[in-house]
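Here's the letter readout for the chains.
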Amino acid sequence: MKNSFLFISLVFFATVSIVQADAIKKETIRSQSKNRSYHVFVPDKLDRSTPAPLIVVLHGSGDSGMMPVKRWREFAKAQGIIIAGPNALDSQNWRIPDDAPEFIYEMVEALKAKHSIDPKRVYLFGHSGGAIVGLCLALMESEYFAAAAIHAGALEPEHSVIVDRAKRKIPISLIVGTKDPLFPVADLRETRRMLGSRGFYVELHEIQDHSHDYGKRSDLINAMIWNFFKDRRLDRDPKYEMYRW
């Protein structure tokens, strides 16, 4: 009986250790005179001798950074990727400049100070409301992020100023469901046209019979995104400059 109890205890504590090791952690930094939070996942078995890629994942309206990090966790664990999901000040609405680019930059730099991250392989992914701000952030800080991918989001005509001011033709992948009620395929085709006409490399993936629900198809979408990201890197050290309106 004693041996059985000991075995169960060892299994329990081993399980707890595994869960804690692969846990998503919530961290806080001070940015623009405010305490800002984000969720981060660092695979426990990451090869510390090789700097890891980092994907910044921007949540949809009404959600938090935890949601996309959870959707990426198992894939990131298998591929050796660090994932960080910042929280918007107002979960319903990302705002510039309150939420980006300064806060995102300071979060990334804080992560670089703690973990072995390849500075030339920092990527952006956004869903819905996070997709819109992700596109804008990628264009504003095109020399800082290696590439960007978005699911269910598009640029508006007024964003053409940001497109024109981009200092680097950052590669971008656009993903949308053919049955998305919030972002019709036509909107993303127009975003591709706007970017492509200015010399950006843009891929557009239209997923048949897919809606706006990222969570339902996240395994497929994440694999598509990583296939786009994995061989792309900055050809020089990242450069961050405060965006001037």
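For the structure itself, consult the block above.
Residues numbered from 1 in each chain as written. Predicted model: local features only at pLDDT ≥ 70, side-chain atom pairs only at ≥ 80, totals over all residues. Heavy atoms only, no water.

(A) Structural context of the sheet that holds strand 8 (residues 202-207). Pairing in this open sheet of eight strands is mixed, and the strands run 1-2-4-3-5-6-7-8 from one edge to the other. Strand pairing shows two members of the sheet lacking a second neighbour, strand 1 (25-31) and strand 8, which therefore form its edges. Within the sheet, the average angular offset between the axes of one strand and its neighbour, ignoring direction, is 20°. With six bridges joining them, strand 3 (residues 52-58) and strand 5 (residues 117-127) adopt parallel strand pairing. Bridged to Ile55 within strand 5 is Tyr123. Contacting strand 2 (34-41), strand 3, strand 4 (82-86) and strand 5, helix 2 (residues 66-79) runs over the sheet at an angle of about 30° to strand 2. (Pairing = 2+ DSSP bridges. Helix = DSSP H or I, 4+ residues; strand = E, 2+ residues; numbered from the N terminus. Axes fitted to C-alpha atoms, helices over the stretch in contact; angles between N-to-C directions. Contact = heavy atoms within 4.5 Å.)

(B) Structural view of helix 3 (residues 102-114). The terminal C-alpha atoms of helix 3, which comprises 13 residues, lie 19 Å apart, in line with the 18 Å expected from a rise of 1.5 Å per residue. Buried within helix 3 we find Phe103, Ile104, Met107, Val108, Ala110 and Leu111. Axial view of helix 3: buried residues confined to an arc of 160°, hence all on one face. Residues of helix 3 that are buried in the fold lie against strand 1, strand 2, strand 3, strand 4, strand 5 and helix 4 (129-140). (Expected span 1.5 Å × (residues − 1). Buried < 20%, exposed > 50% of the residue type's maximum accessible area, 1.4 Å probe, protein only. Arc of directions from axis to C-beta.)

(C) A look at the pairing of strand 1. The pairing of strand 1 with strand 2 spans seven bridges and is antiparallel. Looking across to strand 2, one finds that Lys26 is bridged to His39. If you look at the hairpin formed by strand 1 and strand 2, you'll find two residues sitting between the two strands, and Gln32 has a positive phi there, around 50°.

(D) Focus on the nonpolar core. Counting 54 residues, the largest nonpolar core has Leu54, Ile104, Met107 and Leu139 as the members making the most contacts within it. With eight residues, the single largest contributor to this core is helix 4. The contact partners of Ile104, leaving out residues within four places of it in the chain, are Val56, Leu58, Pro86, Asp99, Leu137 and Phe145. Grouped together as the second largest cluster of nonpolar side chains are 24 residues, Ile55, Val69, Ala146 and Tyr214 included. (Core = buried A, V, L, I, M, F, W, Y, C linked by side-chain atoms within 4.5 Å.)

(E) Geometry of the packing of aromatic side chains. Within this structure, the stated rule accounts for ten aromatic pairs. Ring geometry for Trp72 versus Phe75: centroids 5.8 Å apart, planes at 80°, classification edge-to-face. In this pair, Trp72 and Phe75 are both assigned in helix 2, three residues apart and thus about one turn of the helix distant. Residue classification places Phe75 among the partly exposed residues on the basis of a relative accessible area of 22%. Measuring from centroid to centroid gives 4.5 Å for Tyr123 and Phe229, while their planes differ by 10°, and the two rings are stacked. Of the two residues, Tyr123 sits in strand 5 while Phe229 sits in helix 7 (residues 218-229), which places them 106 residues apart along the sequence. (Phe/Tyr/Trp six-rings, centres within 6.5 Å; stacked < 30°, edge-to-face > 60°.)

(F) Geometry of the side chain of His127. Inspection of the secondary structure assignment puts His127 in strand 5. The contacts of His127, once residues within four sequence positions are left out, are Leu58, His59, Gly60, Met67, His151, Ala152, His212 and Tyr214.

(G) Structural detail: the environment of Ile29. Among the structural elements, Ile29 can be located in strand 1. Taking the C-alpha atoms as reference points, Ile29 and Leu135, separated by 106 residues in sequence, lie 24 Å from one another. In this view, Ile29 contacts Lys34, Asn35, Arg36, Tyr38, Phe103, Glu106, Met107 and Ala110; residues no more than four positions away in its chain are not counted.

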